[in-house]
Amino acid sequence: MNNYSNKEKVKGGRAKPGFSAQKKEVGNREAYQALDFSADKKNLRKVGNSIFSGAVGFSVLFISVLILLMLFSLFMTSFPAIKASGFSILTGMEWHPESGKFGGWPFIVGTLMTSALALLISLPFSLAISLALGEYYKTGIISTIISSSIQLLAGIPSIIYGTWGLFVIVPIVQKIQMGMADKGIIPFGLSIITASVVLAIMIIPYSASLARDVILQVPQDLKEAGYSLGGTRFAVIRRVILPYSMTGIFAGEVLAFGRALGETMAVAMVVGNLRKVPANIFSPGATIASVIASEYNEASPLHAAALTELGLILFLITIIFSFAGRYIINKRSIK
Amino acid sequence: MENQLLNDTENKTADSRAVVKIENLKVFYDNVEAVKGVNMVFEDKKVHSIIGPSGCGKSTVLRSLNLLHSLTPNARIEGSIKLDDENILDQDPMTIRRRIGMVFQRPNPFPHMSIADNVLAGYKMNNIQLSKTESYDIVEYALKKAALWKEVKGKLNKRGTFLSGGQQQRLCIARAIAMGPEVLLLDEPTSALDPITTVNIEELIMELRESMSIVIVTHNMQQAARISDKVAFMYLGELIEYDTADVIFSNPTDKRTDEYINGVFG
Ligand SMILES: Nc1ncnc2c1ncn2[C@@H]1O[C@H](COP(=O)(O)OP(=O)(O)OP(=O)(O)O)[C@@H](O)[C@H]1O
Ligand SMILES: [Mg+2]
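Residues numbered from 1 in each chain as written. Chains lettered and ligands numbered in written order. Predicted model: local features only at pLDDT ≥ 70, side-chain atom pairs only at ≥ 80, totals over all residues. Heavy atoms only, no water.

### With respect to the overall build of chain B
When you go through chain B residue by residue, the secondary structure sums to twelve helices and ten strands. Taken over C-alpha atoms, the radius of gyration comes to 18 Å for chain B, in line with the 18 Å a tight globule of 266 residues would show. Projecting the C-alpha coordinates of chain B onto the three principal axes gives extents of approximately 55 × 40 × 40 Å. Counting across all 266 residues of chain B, residues that qualify as buried make up 55%. Contacts in chain B between residues at least 24 apart in sequence constitute 68% of all its contacts with a sequence separation of at least 6. Taken as a whole, chain B presents about 11,100 Å² of accessible surface, with 46% of it coming from carbon and sulfur. (Helix = DSSP H or I, 4+ residues; strand = E, 2+ residues; numbered from the N terminus. Rg over C-alpha atoms; globule rule 2.2 N^0.38 Å. Buried < 20%, exposed > 50% of the residue type's maximum accessible area, 1.4 Å probe, protein only. Contact = heavy atoms within 4.5 Å. Areas by Shrake-Rupley, 256 points an atom, 1.4 Å probe, with all protein chains shown as cover.)

Structure representation (structure tokens):
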């Protein structure tokens, strides 16, 4: 900041005369050199520009077409199921492939429930981590330790999380469930909440790293303004840093939610795979991704088509949430 | 609450007295001495300018008055700064900052807050609960004092960032004076503004002078001459000369002051 203002003042013409004249000469020489090659450079730049915009245009088109094709092929593959029972998969409560009943509502509920809960559980942790990295320890050993462990967390394979969930979270949930025996809950340990806890840990890196980036970008002069008014650090975080970076934090949450919606392996291992709408968060359940993973291999053609239809629904849910998130971000963003 | 605040600022007696005494102030950045034993007195109802070439330590002095040096991890401070005869360096920064307000070089209203909330930001920062009427009174009082009321009274709930640069800077002044400070610090408050807006801010400073002590850092010599009662010339971390504006601009004692004012160096 100081450097910047210093430079400005030199430009403003209050530097020593000798010094500034010298500077001007260098500037002229540079300008002269630039002139010599300017024609060539301009052409090159033009070609470069058109190649670049061509490449950008192509990749945008390519990705859009790819998404449409994916949607189309999902639709085609699931067509037998759609033909057989229309879109009743969206509302049907019963999933019984053996008798041709394909109601997907339990899985839709299971998916939204686990993801939303995971988001809720992870939020305080990811906020704390992002504040630690973006405000308290911007550099140094602590920052390095935290951020490399977060990176590590993001790189751990799904199956490891699932296994860890089985050995660590399941017994804890079992203990809690035992205390709830009078509510008709069987202490399996496999449940919606088990999956949510595992998911929460899995998505922390996504929301935390994005939130850290936006918190780092809060202008120093706004923080100083907060302090200059007598705010404590906590007050500055609460009244300046968090509100200022709200949209960015929200964007991170949307990203994390999208990731949670589609997470398959770890969830399939701990959610219980019960094809029923979960009565509460301690009941076992299933998600769209987990049911596809656990049933697809042994599915009859119609069953497989119904599972693909579920996949199509998951795809659409993901798209809807990401668009809604983008819309809110655009609408609420500062500046 | 705000009544007390209004009375505080309006009932001050006419005779001016020393509010801030800087004694042998030294500020180090990583053991490099940026301010080398400065002594200065700021009085109530007077405008004090600090001038000097870039990097001479003007901002450092001003920021230490607001105790902002504690936000810079490599900064260390020695000496004393007395506000009403108590050394602020030993006191709670949060309390002191409410009594010594600060306006920065770049207008920095909070972009996520409405105009009214910007004015009330100090109260929010300090978790002071205000009733609706109290809030409104403070907003009106501060915006009127900052000569911004007429322009924004219809859009108090709009965001402050839609205002022009000069209006934003006046909003920042309103935000600082809403807390009823005894001293107002301004670090090159007009360097990012056009000449006409600059004149507006200067007029505003002259009005605020009626009710508080003002310390302003400026690179604009005419500005210092126009608004100051006293002018301090700093050079390489030292206070070279501190006297009335008349003396500094027409008859300075030190050769360096004379040279700086006449544009020989800078
Ligand atoms: N955070 C910092 N760390 C290290 N050195 C600093 C820091 N802030 C300021 N300095 C140095 O302290 C000296 C005084 O800086 P200061 O910002 O007070 O100057 P100034 O008189 O306000 O200059 P300007 O007119 O450019 O604003 C300069 O040499 C500067 O490089
Ligand atoms: Mg400065």
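Additional details are given in the paragraphs that follow.
### Description of the pattern of salt bridges
Residue and element names in this part refer to chain B. Summed over the entire model, instances satisfying the criterion amount to 22 salt bridges over all chains. In this structure, Asp84 and Arg99 form a salt bridge, with 3.2 Å as the shortest nitrogen-oxygen distance. Of this pair, Asp84 sits in the loop between strand 4 (75-83) and strand 5 (86-87) while Arg99 sits in helix 3 (residues 93-99), and the two are 15 residues apart along the sequence. Residue Asp84 is classed as partly exposed on the basis of its relative accessible area of 33%. On the accessibility criterion, Arg99 (24% relative accessible area) is partly exposed. (Salt bridge = Lys/Arg side-chain N within 4 Å of Asp/Glu carboxyl O.)

### Comments concerning the packing of helix 11 (residues 288-295) of chain A against helix 12 (residues 301-332) of chain A
Residues and elements named next belong to chain A. Here helix 11 crosses helix 12 at 155°, and the two axes come no closer than 9 Å. Overall, the two elements helix 11 and helix 12 adopt an arrangement that is roughly antiparallel. Crossing of helix 11 against helix 12: the hand is left-handed. The segment helix 11 lies against helix 12, with Ile288, Ala289, Val291, Ile292 and Glu295 engaging His303, Leu307, Leu310, Gly311, Ile313, Leu314 and Ile317. Class assignment of the residues belonging to the contact of helix 11 with helix 12 gives a composition of nine nonpolar, two polar and one charged. (Axes fitted to C-alpha atoms, helices over the stretch in contact; angles between N-to-C directions. Parallel < 35°, antiparallel > 145°, perpendicular 65-115°, else oblique. Left-handed = near helix turned anticlockwise from the far one by under 90°. Nonpolar A, V, L, I, M, F, W, Y, C, P; charged D, E, K, R; others polar.)

### Some words on the packing of helix 4 (residues 105-136) of chain A against helix 9 (residues 233-262) of chain A
All names here are of chain A. Two numbers describe how helix 4 lies on helix 9: the axes approach to 9 Å, and their chain directions differ by 140°. It follows that helix 4 is oblique to helix 9 by the angle criterion. Along this stretch, helix 4 crosses helix 9, giving a crossing that reads as right-handed. Facing Thr111, Leu112, Ser115, Ala116, Leu119, Leu123, Ser126, Leu127, Leu131, Glu135 and Tyr136 of helix 4, the residues of helix 9 in contact are Arg233, Ile237, Ile241, Leu242, Ile249, Glu253, Ala256, Phe257, Ala260 and Leu261. Its residues placed into classes, the contact of helix 4 with helix 9 shows 15 nonpolar, three polar and three charged.

### Let's talk about the confidence of the model for chain A
All names here are of chain A. Scored by pLDDT, chain A has a mean of 85; 87% of the residues are at 70 or more. Mean pLDDT values for the elements of chain A range from 38 in helix 1 (residues 2-14) up to 95 in helix 4. For the stretch residues 1-29, pLDDT sits under 50, and the model shows nine contacts to residues farther than four places along the chain or on other chains. Confidence drops under pLDDT 50 across residues 31-35; counting only partners more than four residues distant or on other chains, this segment forms zero contacts. (pLDDT = per-residue confidence, 0-100.)

### Overview of the packing of aromatic side chains
Residues and elements named next belong to chain B. Throughout the structure, instances matching the rule amount to eight aromatic pairs over all chains. Look at Tyr136 and Trp149: their rings are 6.1 Å apart centre to centre, the planes differ by 85°, and that puts the pair in the edge-to-face class. In this pair, Tyr136 is assigned in helix 6 (residues 132-145) and Trp149 in helix 7 (residues 149-152), connecting sequence segments 13 residues apart. You can call Trp149 buried: its relative accessible area is 10%. One residue, Arg76, lies across the ring of Phe28, its end atom 4.3 Å from the ring centre. Taking NZ or CZ as reference, Lys230 lies 4.4 Å from the ring centre of Tyr242, over its face. (Phe/Tyr/Trp six-rings, centres within 6.5 Å; stacked < 30°, edge-to-face > 60°. Lys NZ or Arg CZ within 6 Å of the ring centre and 35° of its normal.)

### Brief notes about the interface of chain B and chain A
With 32 residues of chain B at the contact, the number on the chain A side is 24 residues. Ranking the residues of chain B by area buried against chain A places Leu71(B), His112(B) and Met125(B) at the top, with a combined share of 23%. The tally of links from chain B across to chain A stands at two salt bridges. In this structure, Arg106(B) engages Asp221(A) in a salt bridge whose closest nitrogen and oxygen atoms are separated by 2.8 Å. In this assembly, chain B and chain A are joined by seven residue pairs in polar contact (both at pLDDT 80 or more). Among the secondary structure elements, those contributing two or more residues to the side of chain B that touches chain A are helix 3, strand 6 (100-103), helix 5 (121-125) and helix 8 (165-177) of chain B. The greatest single-element share of the side of chain B that touches chain A, amounting to four residues, is contributed by helix 5 of chain B. When its residues are assigned to classes, the side of chain B that touches chain A shows 15 nonpolar, nine polar and eight charged. (Buried area = accessible area lost by both parts, 1.4 Å probe. Polar contact = N/O pair within 3.5 Å; in protein donor to acceptor, adjacent residues only side chain to side chain.)

### Examining the sheet that holds strand 8 (residues 213-217) of chain B
Residues and elements named next belong to chain B. The strand order 6-7-8-3-9-10 describes an open sheet built from six strands, whose pairing is mixed. The strands lining the two open edges of the sheet, one partner per strand, are strand 6 and strand 10 (238-244). Between one strand and the next, the sheet's axes are offset by a mean angle of 15°, whatever the strand orientation. Contacting strand 3 (47-51), strand 7 (183-187) and strand 8, helix 9 (residues 195-208) runs over the sheet at an angle of about 150° to strand 8. (Pairing = 2+ DSSP bridges.)

### Here we look at the environment of Leu316(A)
For Leu316(A), the location among the structural elements is in helix 12. Put simply, Leu316(A) and Leu71(A) are 245 residues apart on the chain and 8.8 Å apart in space, counted from C-alpha to C-alpha.

### Some details on the pairing of strand 2 (residues 32-43) of chain B
All names here are of chain B. Bridge analysis of strand 1 (residues 18-29) against strand 2 gives nine bridges, and the strand direction is antiparallel. By the bridge assignment for strand 2, Ala18 is matched with Glu43. In this antiparallel pair of consecutive strands, strand 1 and strand 2, the connection spans two residues, and Asp30 shows a positive phi of 50°.

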